[in-house]
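Next come the chains, spelled out residue by residue.
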Amino acid sequence: MRREAPQGISARELLSPFGRVRLWPAVGAVALAVFAWAFAYVGGVDFALWQLVLLAVAALLAYSVVSGMRADTEPAPELRVHTVNEPSWRPFADVNRWEDRFIFAEAKPGRFATTNAKQQLTELAAERLRLRRGLSLDGQPEECRAVLGERTYLFLTGPAPDCPSPQQLGVHLKAIEEI
């Protein structure tokens with residue numbers, strides 16, 4: 001009668017913690033145990049043969065487990081490391097951060113004014129006004145209102161508790177881009 005491994009588990013998977021035990025090392029371990037028993041018997045020491053065979057098989061299994069945990073001898077593939085300074089590494093990382101900020105602001109109703117998204121949009125508009133038109137968002141509000149438009153200027157400078165809809169945000173972004 002042949003015993004099989006439990007259903008779904010192969011015999012190889014069942015014995016996998018013992019590594020790869022081959023036939024000839026097992027035969028050699030048993031032969032070495034028999035030789036040690038014979039040598040001890042001639043010397044006047046009486047051991048039970050089955051104990052020595054069991055000890056040799058246990059040593060062989062321990063060796064196979066330890067050798068199975070050894071590091072691979074094959075060289076690893078060469079690592080390809082990207083640095084942040086490479087322009088092709090993540091060319092749109094800033095866009096992803098902005099998108100994440102807007103998603104966060106949209107998910108938290110009533111907290112848009114306190115998120116980084118509103119603050120950074122205001123800083124971006126102020127910087128573009130300063131560089132392209134020589135205007136200060138705080139110091140020259142009327143000129144900035146004329147350049148940005150009434151709705152975008154109020155959006156940037158006034159309280160905006162909720163994130164604008166994608167269409168409204170598109171109008172504001174277009175006004176900032178056209179500065």
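Scroll up for the structure.
Residues numbered from 1 in each chain as written. Predicted model: local features only at pLDDT ≥ 70, side-chain atom pairs only at ≥ 80, totals over all residues. Heavy atoms only, no water.

Engineer: Teacher, can you tell me more about the overall build of the protein chain here?
Structural biologist: The secondary structure content of the protein chain amounts to 8 helices and 0 strands. Moving toward the C terminus, one meets the helices and strands of the protein chain in the order α-α-α-α-α-α-α-α. Across the protein chain, contacts joining residues at least 24 apart in sequence account for 47% of those joining residues at least 6 apart. For the protein chain, the computed accessible surface area is about 14100 Å², with 60% contributed by carbon and sulfur atoms. (Helix = DSSP H or I, 4+ residues; strand = E, 2+ residues; numbered from the N terminus. Contact = heavy atoms within 4.5 Å. Areas by Shrake-Rupley, 256 points an atom, 1.4 Å probe, with all protein chains shown as cover.)

Engineer: Honestly, a nonpolar patch on the surface in this entry has me stumped. Any pointers?
Structural biologist: A surface patch of nonpolar side chains, about 240 Å² in accessible area, is lined by Val30, Val34, Leu49 and Val57. Residue assignment for the nonpolar patch shows that the elements contributing at least two residues are helix 2 (23-42) and helix 3 (49-68). Relative to the helices and strands, Val30 is located in helix 2. (Patch = residues over 30% accessible without salt bridge, like charges linked within 9 Å, V, L, I, M, F, W, Y side chains within 5 Å. Salt bridge = Lys/Arg side-chain N within 4 Å of Asp/Glu carboxyl O.)

Engineer: How do you make sense of the environment of Leu60 when you look at a structure like this?
Structural biologist: Looking at where Leu60 falls in the secondary structure, it is placed in helix 3. The exposure class assigned to Leu60 is buried, which follows from its relative accessible area of 15%. With 34 residues separating them along the chain, Leu60 and Ala26 place their C-alpha atoms 7.0 Å apart. (Buried < 20%, exposed > 50% of the residue type's maximum accessible area, 1.4 Å probe, protein only.)

Engineer: What should I look at first to understand the pattern of salt bridges in this one?
Structural biologist: Charged atoms that come close allow side chains of opposite charge to pair. Within the structure shown, the criterion is met by 2 salt bridges. Across the pair Arg130 and Glu127 runs a salt bridge whose closest N-O atoms are separated by 2.7 Å. Of this pair, Arg130 and Glu127 are both found in helix 5 (residues 116-133), 3 residues apart, which corresponds to roughly one turn of the helix. On the accessibility criterion, Arg130 (47% relative accessible area) is partly exposed. Accessibility expressed as a relative area gives 36% for Glu127, which makes it partly exposed. Where Glu150 meets Arg145, a salt bridge forms, and the shortest distance between an N and an O atom there is 2.8 Å. Residue Glu150 is classed as partly exposed on the basis of its relative accessible area of 40%.

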